[in-house]
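Below are the chains, spelled out letter by letter.
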Amino acid sequence: MKRSTGQDPSATARWRPATRAVRGGTARSEWGETSEALFLTSGYAYDCAADAADRFSGDQSGMTYSRLQNPTVEMLEQRIALMEGAEAARCTASGMAAMTAALLCQLEAGDHIVAGRAAFGSCRWLTDTLLPKFGIETTIVDARDPELWEAAIKPNTKAFFFETPANPTMDIVDLKAVCGIAREHDIVSVVDNAFASPALQRPMEFGADVVAYSATKMMDGQGRVLAGAICGTEEFILETLLPFTRNTGPTLSAFNAWVVLKGLETLDLRIRRQSDHAMAVGRFLESRVSRVLHPGLVSHPQHNLAMSQMDACGPIFSFYVDGGRTQAHGLLDALELIDISNNIGDSRSLMTHPASTTHSGLDESVRAEMGIEEDMLRINVGLEDPQDLIDDIDQALQAVGL
Ligand SMILES: *Cc1c(COP(=O)(O)O)cnc(C)c1O
């Protein structure tokens, strides 16, 4: 691989997914470093004043300021676009910066959007609280039923917004059906693909227009940095997204971009192994508790749909104990190996109680509607030996009388 093969479409277009994940976007400096360089610089110097003017007018290609471009961030953006199969991608400082930018960049007062009911807590705040403050109306639907999406469309509907699998109930949205309805009505579909990552699910293959990420989760995958990304057509990214992000500045730091570049090299390995471990832990829990919400298990009401659009189940699922918050908290407190933590996508196993953490900001009625009950727990299954995880959960279940 020569210096900038990773940014040469005539090479990258031929590469298979695993090669893209390791080498996509790489552009080497004059030193020929094998691992991507970390460019910690906020500005760029020009050889002469005319160059600076040409750089600003766009007559000369090159970078002007790291709120707008950075070589390390650009390598990550190109790698994510290649992995997604998108024409272009831009990164942001966090997943929520990506979701906010992906919606606000294309909406204005008087518009209407339809959003999935089961969603990350801050995504629901965005659709239910922030957008209405600026005159953008939201209709929330049970995202599992494509007919409800169609029925919610109004003349001023501009976007559909949902995640699949959804946090924390693992609701699955039929990507082909819902993105197809959006297309028919000239509505932009925005899919939050944080749970599956491009290694397991590529929504654009099913007709999604915009795919947004919390790269904090599976992409970093080792619980180190926050990051986000937005993928779309070149036209959407350049004409609609960039004017918003360049001027408002939810920029990803070069250091965090570098960490995520390293994470992507092992994303496929990690997520497939973690999915295998999640299957083992899920099967064990199914033998011990009454309800498990796990897209990889046939007991999940949308198992077939999930497996028709995902290559594997991913590391995250939820389950219910039956003794309310006291028992759920008791189980967490009895864990010896698995951490009590609300993060996901980490190579460590983590467990949380959504009703009192990630989704505590929502009204109790909204939580009830979403199926987030007081005795629900969500687990992110990591790379530890699955038998050690099962042993830990087993002793914690026994400690709370299950
Ligand atoms: C974590 C998460 C987000 C927010 O991402 P941050 O990087 O924490 O800002 C958005 N959507 C989903 C589905 C998530 O899991």
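Treat the numbers as computed from the prediction; the structure is a model and nothing was measured. (Residues numbered from 1 in each chain as written. Predicted model: local features only at pLDDT ≥ 70, side-chain atom pairs only at ≥ 80, totals over all residues. Heavy atoms only, no water.)

Overview of the overall build of the protein
(1) Moving on: Check the secondary structure of the protein and you find 16 helices and 12 strands.
(2) Moving on: Relative to its length of 402 residues, the protein is compact, with a C-alpha radius of gyration of 22 Å against a globular reference of 21 Å.
(3) Moving on: C-alpha atoms of the protein, sized along the principal axes, occupy 75 × 50 × 35 Å.
(4) Moving on: Counting every position in the protein, which comprises 402 residues, the buried fraction comes to 57%.
(5) Moving on: Counting contacts in the protein only where the partners sit at least 6 residues apart, residues at least 24 apart contribute 72% of the total.
(6) Moving on: Charge separation in the protein, taken as the distance between the mean sites of 34 positive and 54 negative side-chain charges, equals 5 Å. (Helix = DSSP H or I, 4+ residues; strand = E, 2+ residues; numbered from the N terminus. Rg over C-alpha atoms; globule rule 2.2 N^0.38 Å. Buried < 20%, exposed > 50% of the residue type's maximum accessible area, 1.4 Å probe, protein only. Contact = heavy atoms within 4.5 Å. Lys, Arg positive; Asp, Glu negative; His and termini not counted. Charge placed at Lys NZ, Arg CZ, Asp CG, Glu CD.)

Points about the domain arrangement of the protein
(1) Moving on: One can read the domain layout of the protein as domain 1 (11-264) and domain 2 (269-399).
(2) Moving on: For domain 1 and domain 2, the distance between their C-alpha centroids amounts to 27 Å.
(3) Moving on: Taken together, the contacts link 35 residues of domain 1 with 39 residues of domain 2.
(4) Moving on: Buried area between domain 1 and domain 2, both sides added, is near 2,800 Å², and the carbon and sulfur share of it is 61%.
(5) Moving on: Across the pair Arg-202 and Asp-311 runs a salt bridge, and its minimum N-O distance is 3.6 Å. (Domains from an automatic or database assignment. Buried area = accessible area lost by both parts, 1.4 Å probe. Salt bridge = Lys/Arg side-chain N within 4 Å of Asp/Glu carboxyl O.)

What to know about the sheet that holds strand E11 (residues 350-352)
(1) Moving on: One open sheet holds the five strands; their spatial order is E8-E9-E12-E11-E10, and the pairing between them is mixed. Among the strands making up the open sheet, the edge pair consists of strand E8 (291-293) and strand E10 (339-340).
(2) Moving on: Across five bridges, strand E9 (residues 316-320) lies against strand E12 (residues 376-380) in antiparallel orientation. Of the residues in E12, the one forming a bridge with Ser-318 is Arg-378.
(3) Moving on: Seen against the sheet, helix H12 (residues 267-286) touches E8, E9 and E12 and runs at an angle of roughly 10 degrees to E9. (Pairing = 2+ DSSP bridges. Axes fitted to C-alpha atoms, helices over the stretch in contact; angles between N-to-C directions.)

Side note on the nonpolar core
General note: in soluble globular proteins, nonpolar side chains tend to be found buried as a group.
(1) Moving on: The biggest cluster of nonpolar side chains holds 51 residues, and the ones touching the most others in it are Leu-76, Ile-80 and Trp-149.
(2) Moving on: Ranked by residues supplied to this core, first place goes to helix H4 (residues 71-84) with six residues.
(3) Moving on: Residue-level mapping places this core at the junction of two domains, with at least three residues from each of domain 1 (11-264) and domain 2 (269-399).
(4) Moving on: Discounting residues that sit within four places of it in the chain, Trp-149 has contacts with Val-114, Ala-115, Gly-116, Val-141, Ala-143, Phe-160, Phe-161, Phe-162, Val-173 and Val-178.
(5) Moving on: The next biggest cluster of nonpolar side chains, apart from the first, holds 28 residues, and it includes Phe-317, Leu-335, Leu-389 and Val-400. (Core = buried A, V, L, I, M, F, W, Y, C linked by side-chain atoms within 4.5 Å.)

Overview of the environment of Thr-129
(1) Moving on: Looking at the secondary structure, you find Thr-129 in helix H6 (residues 121-133).
(2) Moving on: Classification of Thr-129 as partly exposed rests on a relative accessible area of 34%.
(3) Moving on: Linking Thr-129 and Trp-15, residues 114 residues apart in sequence, is a C-alpha distance of 43 Å.

Here we look at the site of the ligand
(1) Moving on: Neighbouring the ligand are 14 residues, the closest being Gly-95, Met-96, Asp-192, Thr-216 and Lys-217.
(2) Moving on: One of the side-chain N or O atoms of Lys-217 is found 2.8 Å from an oxygen atom in the ligand.
(3) Moving on: Protein coverage of the free-state accessible area of the ligand, which is 380 Å², stands at 93%.
(4) Moving on: Within the shell around the ligand, the residues separate by chemical class into seven nonpolar, four polar and three charged. (Near = heavy atom within 4 Å. Polar contact = N/O pair within 3.5 Å; in protein donor to acceptor, adjacent residues only side chain to side chain. Areas by Shrake-Rupley, 256 points an atom, 1.4 Å probe, with all protein chains shown as cover. Nonpolar A, V, L, I, M, F, W, Y, C, P; charged D, E, K, R; others polar.)

A short note on the packing of helix H5 (residues 95-104) against helix H10 (residues 234-248)
(1) Moving on: Interhelical geometry of H5 versus H10 gives an angle of 115 degrees and a closest axis separation of 9 Å. Note that H5 runs across H10; the crossing there is right-handed. Within the contact between the two elements, H5 uses Ala-101, Ala-102 and Leu-104 and H10 uses Phe-236, Leu-241, Phe-244 and Thr-245.
(2) Moving on: Taken together, the residues of the contact of H5 with H10 sort by class into six nonpolar, one polar and no charged. (Left-handed = near helix turned anticlockwise from the far one by under 90°.)

Describing the sheet that holds strand E4 (residues 157-163)
(1) Moving on: Read from one edge of the open sheet, seven strands run E1-E7-E6-E5-E4-E2-E3, paired in mixed fashion. If you trace the sheet from one side to the other, it starts and ends with strand E1 (88-92) and strand E3 (137-141), each paired once. Each neighbouring strand pair of the sheet contributes to a mean axis angle of 20 degrees, computed without reference to strand direction.
(2) Moving on: Across five bridges, E4 lies against strand E5 (residues 188-192) in parallel orientation. Bridge pairing links Phe-160 to Ser-189 in E5.
(3) Moving on: Across the sheet, H4 touches E1, strand E6 (210-214) and strand E7 (228-232), and the angle it forms with E1 is around 130 degrees.
(4) Moving on: Helix H8 (residues 175-184) contacts E4 and E5 of the sheet and is inclined by roughly 165 degrees relative to E4.

Some remarks on the UniProt feature "modified residue: N6-(pyridoxal phosphate)lysine" (unreviewed entry) in the protein
(1) Moving on: Here the UniProt-annotated "modified residue: N6-(pyridoxal phosphate)lysine" (unreviewed entry) positions come out as Lys-217.
(2) Moving on: Following the sequence through the fold, Lys-217 ends up in the loop between E6 and E7.
(3) Moving on: A relative accessible area of 12% means that Lys-217 is categorised as buried.
(4) Moving on: Apart from the residues within four sequence positions on either side, Lys-217 is in contact with Phe-120, Ala-194, Asn-343, Ile-344 and Gly-345. (UniProt positions renumbered as here; feature names shortened; annotations may be inferred.)

Examining a nonpolar patch on the surface
(1) Moving on: On the surface, Leu-38, Leu-40 and Phe-255 cluster together into a nonpolar patch covering about 290 Å² of accessible area.
(2) Moving on: Summarising the element assignment, Leu-38 is placed in the loop between helix H2 (17-23) and helix H3 (49-57). (Patch = residues over 30% accessible without salt bridge, like charges linked within 9 Å, V, L, I, M, F, W, Y side chains within 5 Å.)

Section: helix H14 (residues 324-334)
(1) Moving on: Within the sequence span of H14, burial applies to Gln-327, Ala-328, Leu-331, Leu-332 and Ala-334.
(2) Moving on: Here the buried face of H14 lies against E10, E11, E12 and helix H16 (386-399).

Notes on the environment of Gly-221
(1) Moving on: You can see Gly-221 is positioned in the loop between E6 and E7.
(2) Moving on: The class for Gly-221 is buried, based on a relative accessible area of 0%.
(3) Moving on: Measuring from C-alpha to C-alpha, the distance between Gly-221 and Pro-295 comes to 20 Å, with 74 residues separating the pair along the chain.
(4) Moving on: Beyond its immediate stretch of four places on either side in the chain, Gly-221 contacts Thr-216, Arg-270, Gly-345, Asp-346 and Ser-347.

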